[in-house]
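Now for the letters of each chain:
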Amino acid sequence: MSIISNINEVKKKLDGCQLIAVSKTKPKEDILAAYEGGQRAFGENKVQEMADKADALPKDIQWHMIGHLQRNKVKYIVPFVHLIHSVDSVRLLKEINKQGEKIERVVPVLLQMHIAEEDTKFGLDENELHELLTSEEFKNMNFIEVQGLMGMATFTEDKEKIRREFKFLKKIFDKVNSQFNDEKLNLKELSMGMSGDYPIAIEEGSTMVRVGSAIFGERNSH
Ligand SMILES: *Cc1c(COP(=O)(O)O)cnc(C)c1O
């Protein structure tokens, strides 16, 4: 199967949801192959790798940072990143705001929620989310725009468990949208679903799926 035919297979199931093609660890040639087929949104999880690829590849590519982000590396991606999916602390959000202010760019972000019942993965819990959204610090951040939430389900064959976790994230998303009325809070994106579980995520209300190996093949590392 070619990269383009893999993308077309995924696209058949999208139902209006956006596809982020996760190209981490894959060579620029693979990204170009997808680009030739019309794909513009790509996901990466390492700052240096994303910056190198962005430098070398067409400028109309939209780069999505989906991996854990260290504060000292924020400055390297703030000028060009299309959306940061993986904001999991107030401290990180503050740093993104600070770097955005320096170049006068409002940086679009998603807040990453911890939804996996088993795997210990990064992310905020509901209380932390509530604290963040009601904090004075948050109110004073004028260079970030929170566009939605992101989450990763447990890596398991148990489809009901995965569905439960996605339902839980959708519930939090709906709750935030009904409780808060802040101009910085315009939650429209729900980033959930990967190669193994994106059809379930779409059924449960995902607006963005992050699909890597089902498009580009298995990865050797990270
Ligand atoms: C690697 C990664 C993906 C894509 O994983 P696949 O199983 O290859 O589709 C999606 N989201 C995040 C946060 C990732 O790190």
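Residues numbered from 1 in each chain as written. Predicted model: local features only at pLDDT ≥ 70, side-chain atom pairs only at ≥ 80, totals over all residues. Heavy atoms only, no water.

As recorded in an unreviewed UniProt entry, the chain goes by Pyridoxal phosphate homeostasis protein and comes from Marivirga lumbricoides. Its UniProt record, at the heading Function (unreviewed entry), says of the chain: "Pyridoxal 5'-phosphate (PLP)-binding protein, which is involved in PLP homeostasis." (UniProt positions renumbered as here; feature names shortened; annotations may be inferred.)

Peer 1: Would you take a moment to explain the layout of surface pockets for this structure?
Peer 2: One number sums up the size of the largest pocket: a volume of about 940 Å³. Residue lining of the largest pocket: 34 residues in total, with Lys-24, Lys-121, Met-152, Met-194 and Arg-219 positioned closest to the centre. Among the secondary structure elements, those contributing two or more residues to the lining of the largest pocket are helix H3 (47–56) and helix H8 (159–179). In terms of residue class, the lining of the largest pocket is built from 11 nonpolar, 13 polar and 10 charged. (1 Å grid on protein atoms, 1.4 Å probe; cavity = no way out; pocket = protein on both sides within 12 Å on 5 of 7 lines; lining within 4 Å. Points joined across faces, edges and corners; volume = space filled by probe spheres on them. Helix = DSSP H or I, 4+ residues; strand = E, 2+ residues; numbered from the N terminus. Nonpolar A, V, L, I, M, F, W, Y, C, P; charged D, E, K, R; others polar.)

Peer 1: How do you make sense of the packing of aromatic side chains when you look at a structure like this?
Peer 2: Counted under the stated rule, the structure contains one aromatic pair. Between Phe-42 and Trp-63 the ring centres are 6.1 Å apart and the planes differ by 40°, which places this aromatic pair in the tilted class. Taken as a pair, Phe-42 in strand E2 (residues 41–44) and Trp-63 in strand E3 (residues 62–65) lie far apart in primary sequence, 21 residues in all. For Phe-42, a relative accessible area of 0% translates into the label buried. Here the basic side chain of Arg-40 rests over the ring of Tyr-35, its NZ or CZ set 3.6 Å away from the ring centre. (Phe/Tyr/Trp six-rings, centres within 6.5 Å; stacked < 30°, edge-to-face > 60°. Buried < 20%, exposed > 50% of the residue type's maximum accessible area, 1.4 Å probe, protein only. Lys NZ or Arg CZ within 6 Å of the ring centre and 35° of its normal.)

Peer 1: Sorry if this is basic, but what is going on with the pattern of salt bridges here?
Peer 2: Pairing of side chains with opposite charge becomes possible as their charged atoms draw close. All chains considered together, the criterion is met by 14 salt bridges. For Glu-136, the salt bridge goes to Lys-139, with nearest N and O atoms at 3.6 Å. Of this pair, Glu-136 and Lys-139 are both found in helix H7 (residues 136–139), three residues apart, which corresponds to roughly one turn of the helix. Looking at Glu-136, the relative accessible area reads 54%, which means it is exposed. (Salt bridge = Lys/Arg side-chain N within 4 Å of Asp/Glu carboxyl O.)

Peer 1: Which parts of the structure should I look at to understand the site of the ligand?
Peer 2: Near the ligand you find Val-22, Lys-24, Ile-66, Met-150, Met-152, Met-194, Ser-195, Arg-210, Val-211, Gly-212, Ser-213 and Arg-219, and these make up its full shell. Here an oxygen atom of the ligand sits 2.8 Å away from a polar atom, N or O, in the main chain of Gly-212. Between the ligand and Arg-219, the relevant distance is 2.7 Å, taken from an oxygen atom to a side-chain nitrogen or oxygen of the residue. Protein chains shield 90% of the accessible area of the ligand, which is 390 Å² for the free molecule. Judged by the proximity of its atoms to the pocket grid, the ligand belongs to the largest pocket. Residues of the shell around the ligand, tallied by class, amount to six nonpolar, three polar and three charged. (Near = heavy atom within 4 Å. Polar contact = N/O pair within 3.5 Å; in protein donor to acceptor, adjacent residues only side chain to side chain. Areas by Shrake-Rupley, 256 points an atom, 1.4 Å probe, with all protein chains shown as cover. Sits in = over half its atoms within 2 Å of the grid points.)

Peer 1: Any chance you could explain the packing of helix H1 (residues 3–11) against helix H2 (residues 28–36) here in plain terms?
Peer 2: Helix-helix packing is characterised by the crossing angle of the two axes and by the distance between the axes. In the contact formed by H1 and H2, the axes pass within 8 Å of each other and the chain directions differ by 55°. One element, H1, and the other, H2, form an angle in the oblique class. The hand of the H1/H2 crossing is right-handed. Residue-level contacts link Ile-3, Ile-4 and Ile-7 of H1 to Asp-30, Ala-33 and Ala-34 of H2. Broken down by class, the residue content of the contact of H1 with H2 amounts to five nonpolar, no polar and one charged. (Axes fitted to C-alpha atoms, helices over the stretch in contact; angles between N-to-C directions. Parallel < 35°, antiparallel > 145°, perpendicular 65-115°, else oblique. Left-handed = near helix turned anticlockwise from the far one by under 90°. Contact = heavy atoms within 4.5 Å.)

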